[in-house]
Amino acid sequence: MNLHDTPEQAAFRERARDFIREHAPWDQVQQARRLRFAGKPFADEADWIALSRRWQQIKHAHGWACLVWPRECGGQGLSPIENVIFQQEEQDFVELNGPFMISQGFIAPTLMSFASEAQQREFLPAIARGDTVWCQMFSEPGAGSDLAGVRTRAERVAGGWTLKGQKVWTSGAHYAAWGMALVRTDADVVKHKGLTMVFMKMDSPGITVRPIEELSGHAHFNEVFLDEVFVPDAQVLGGVNQGWSVALTTLMNERMTIGASTPMGIEEIFELAMQPDADGRRPIDSESVRMKLAEWHTKDCGIRYGVQRMLTAIAAGASPGPEASVGKLVGANATQEIAAFGLDLLGNRALAQADGDDAAYCFHWMFHFGALHRVEGGTDEIMRNVLAERVLGLPAEHRADKGPFRDVPTAPPAA
Ligand SMILES: Cc1cc2nc3c(=O)[nH]c(=O)nc-3n(C[C@H](O)[C@H](O)[C@H](O)COP(=O)(O)OP(=O)(O)OC[C@H]3O[C@@H](n4cnc5c(N)ncnc54)[C@H](O)[C@@H]3O)c2cc1C
């Protein structure tokens, strides 16, 4: 594993820096670091999406969008390492990638593997430019960790399928033009074998999108109701009843994208710990505070190097290892611990959250985000199961769902 830039990578980094210095929307983002804790600079979601789209289009026009994608799909055909170098340099504008994370990070690689060439030519360049956003309709009220248990039904009709059911936690469905959904096409076989992946326009007749308001007051995700929604055969991805392998491709890309995120708030917690109080005492002068900071710094470094190792392996043609699950588990928990400690250090300031108190706002936001991050893309417990079974080789969980899906119990038997 190489931890330092080669001369070519250093030159690439310099070019990326020059491009960002010259073209990034510095004027709209006066305080780039505050952007990380979105909400204040972008009280209005439409402004956030418009600015994100503008930045995406600028990147695309100058050859800096979707760097690892093939050129014919709207990318640049570069290596994962070059992609990471660009992401590191673009860090101050990371929130502007938010609206496109699912489309570019999880959906596009799935389309590249399973859509027809004509569909790839139609959809991928538009995703790369940020013109269209897609959403991922996998989870349902009764199927999250146990994703293969989805119950949204697809019935055969002339020329396609009609869908009936409900999805939930669908990020960005309220501004997505297209959606990809995992649905059940056969209930008489084992649950993984009766699933099909389809995609549809989000304004198709029969689709109702209802935003879910979060504790933070924002509405990031939605319930999506599918009531006799028609999907033509051409919009089935990977074949009828082959949806599970399509879903695994999406999920692997999701875990890699999310797993590569390191704990948030490291810089901010160091900054806060160095601020003197009214008596001139600084938290960092206490040994117990220094111990905590050292622990988070160590975790941060461990995750970064884990990601570096994963990318080096991918660049050499290997498949990603368990680093993504480790990074996700450790990073999401550390984010929440750091945020809780920041709120403790702030004391009454955290409670008052006065207007303009960026630190109070940032640690509150991070605390809520940490909770979401521990659930999205696989919960802590699921990550632990993955690591226990696939890395440590411990015995798999007992399963009561090995027969036909129709016979899988949906509630405990009555006493
Ligand atoms: C910010 C955010 C964005 C999201 N965006 C999307 C999206 O765009 N599209 C989409 O389809 N979904 C999305 N989700 C949903 C997400 O994938 C699910 O929330 C997640 O997979 C967990 O499923 P669940 O909420 O149904 O919880 P459940 O699976 O019901 O889990 C409930 C609890 O039981 C535990 N548990 C479950 N199974 C086991 C087990 N076998 N062993 C031990 N413990 C277990 C879990 O860890 C959890 O603590 C999003 C979620 C979040 C938080």
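This one's a predicted model, so the numbers in the text were calculated from it and none came from an experiment.

Rules behind the numbers
Residues numbered from 1 in each chain as written. Predicted model: local features only at pLDDT ≥ 70, side-chain atom pairs only at ≥ 80, totals over all residues. Heavy atoms only, no water. Near = heavy atom within 4 Å. Polar contact = N/O pair within 3.5 Å; in protein donor to acceptor, adjacent residues only side chain to side chain. Areas by Shrake-Rupley, 256 points an atom, 1.4 Å probe, with all protein chains shown as cover. Helix = DSSP H or I, 4+ residues; strand = E, 2+ residues; numbered from the N terminus. Nonpolar A, V, L, I, M, F, W, Y, C, P; charged D, E, K, R; others polar. Domains from an automatic or database assignment. Contact = heavy atoms within 4.5 Å. Buried < 20%, exposed > 50% of the residue type's maximum accessible area, 1.4 Å probe, protein only. Expected span 1.5 Å × (residues − 1). Pairing = 2+ DSSP bridges. Salt bridge = Lys/Arg side-chain N within 4 Å of Asp/Glu carboxyl O. Patch = residues over 30% accessible without salt bridge, like charges linked within 9 Å, V, L, I, M, F, W, Y side chains within 5 Å. Axes fitted to C-alpha atoms, helices over the stretch in contact; angles between N-to-C directions. Parallel < 35°, antiparallel > 145°, perpendicular 65-115°, else oblique. Left-handed = near helix turned anticlockwise from the far one by under 90°.

Draft legend 1. A look at the site of the ligand. Around the ligand sit 18 residues in total, of which Gln-136, Ser-145, Trp-169, Thr-379 and Glu-381 are the nearest. A distance of 2.6 Å is found between an oxygen atom of the ligand and a side-chain nitrogen or oxygen belonging to Ser-145. Interatomic distance of 2.7 Å between a side-chain N/O atom of Ser-171 and a nitrogen atom of the ligand. A total of 980 Å² of accessible area belongs to the ligand in isolation, and the protein chains cover 70% of it. Every element with two or more residues in the shell around the ligand is listed here: strand S3 (160–171) and helix H13 (380–391). Each residue belonging to the shell around the ligand can be placed in one class, and the counts come to 7 nonpolar, 8 polar and 3 charged. Taken together, domain 2 (135–247) and domain 3 (260–391) each give at least three residues to the shell around the ligand, which thus spans both.

Draft legend 2. Spotlight on the environment of Lys-164. Residue placement: Lys-164 occurs in strand S3. Residues Lys-164 and Gly-342, 178 residues apart in the sequence, show an inter-C-alpha distance of 46 Å. Ignoring sequence-local partners within four residues, the contact set of Lys-164 consists of Thr-152, Arg-153, Leu-226, Asp-227 and Glu-228.

Draft legend 3. Highlighting helix H4 (residues 80–89). Burial analysis of H4 places 7 of its 10 residues in the buried class, which makes it a mostly covered element. When H4 is considered as a whole, its buried residues turn out to be Ile-81, Glu-82, Asn-83, Val-84, Ile-85, Phe-86 and Glu-89. Looking at the packing, one finds that the buried side of H4 touches helix H1 (7–23), helix H3 (45–61) and helix H9 (287–315).

Draft legend 4. Looking closely at unusual backbone geometry. The backbone of Glu-228 sits at a positive phi, close to 55°, despite the residue not being glycine. Topologically, Glu-228 is positioned in strand S7 (residues 221–232). By relative accessible area, which is 47% here, Glu-228 ends up partly exposed. At Asn-241, a residue that is not glycine, the phi angle is positive and equals roughly 65°. Counting through the fold element by element, Asn-241 comes out in the loop between strand S8 (236–237) and helix H7 (243–259).

Draft legend 5. Spotlight on the side chain of Lys-191. As for its placement among the helices and strands, Lys-191 is situated in the loop between strand S4 (178–184) and strand S5 (195–201). Overall, Lys-191 belongs to the buried group, its relative accessible area being 2%. A polar side-chain atom of Lys-191 sits 2.6 Å from a polar atom in the side chain of Asp-146. Only 2.3 Å separates the side chain of Lys-191 from the side chain of Asp-401, close enough to count as a polar contact.

Draft legend 6. Region of the structure containing H13. Compared with an ideal rise of 1.5 Å per residue, which puts 12 residues at 16 Å, H13 spans 16 Å between its outermost C-alpha atoms and is within 8% of the ideal. Regarding H13, the residues found buried are Asp-380, Met-383, Val-386, Leu-387 and Ala-388.

Draft legend 7. Quick peek at the pairing of S3. Sheet analysis places strand S2 (residues 153–157) next to S3, joined by 5 bridges and oriented antiparallel. Within S3, the residue paired with Ala-154 across the bridge is Leu-163. As consecutive antiparallel partners, S2 and S3 are separated by 2 residues, and within that stretch Gly-159 has a phi angle of approximately 80°, a positive value. Two strands pair when backbone bridges link them, and S3 and S7 are joined in this way by 10 bridges, in the antiparallel orientation. Within S7, the residue paired with Leu-163 across the bridge is Val-229.

Draft legend 8. The pattern of salt bridges, seen in detail. Enumeration over the complete set of coordinates arrives at 22 salt bridges. Connected through salt bridges with shared partners, the residues Asp-5, Arg-13, Glu-14, Arg-17 and Glu-89 form a single ionic network.

Draft legend 9. The pairing of S5, seen in detail. Counting buried positions along S5 gives 6 out of 7 residues, so the element sits mostly inside the fold. As paired elements, S4 and S5 share 7 bridges and run antiparallel to each other. The partner of Ala-181 across the bridge, within S5, is Val-198. As paired strands, S5 and S8 are joined by 2 bridges and run antiparallel to one another. Bridge assignment links Met-197 to a residue of S8, and that residue is Leu-237.

Draft legend 10. Up close: a nonpolar patch on the surface. A cluster of nonpolar side chains, Val-391, Leu-392 and Leu-394, forms an exposed patch at the surface whose accessible area comes to about 290 Å². By the secondary structure assignment, Leu-392 is in the segment after H13.

Draft legend 11. Representation of the packing of helix H5 (residues 101–114) against helix H6 (residues 117–129). Two elements in contact, H5 and H6, have axes whose closest approach is 11 Å; the angle formed by their N-to-C orientations is 165°. By the angle between their directions, the pair H5 and H6 is classed as roughly antiparallel. Judged by the sense of rotation from one axis to the other, the crossing of H5 with H6 is left-handed. Touching Ser-103, Gln-104, Ala-108, Leu-111 and Met-112 of H5 are Gln-120, Phe-123, Leu-124, Ile-127 and Ala-128, all from H6.

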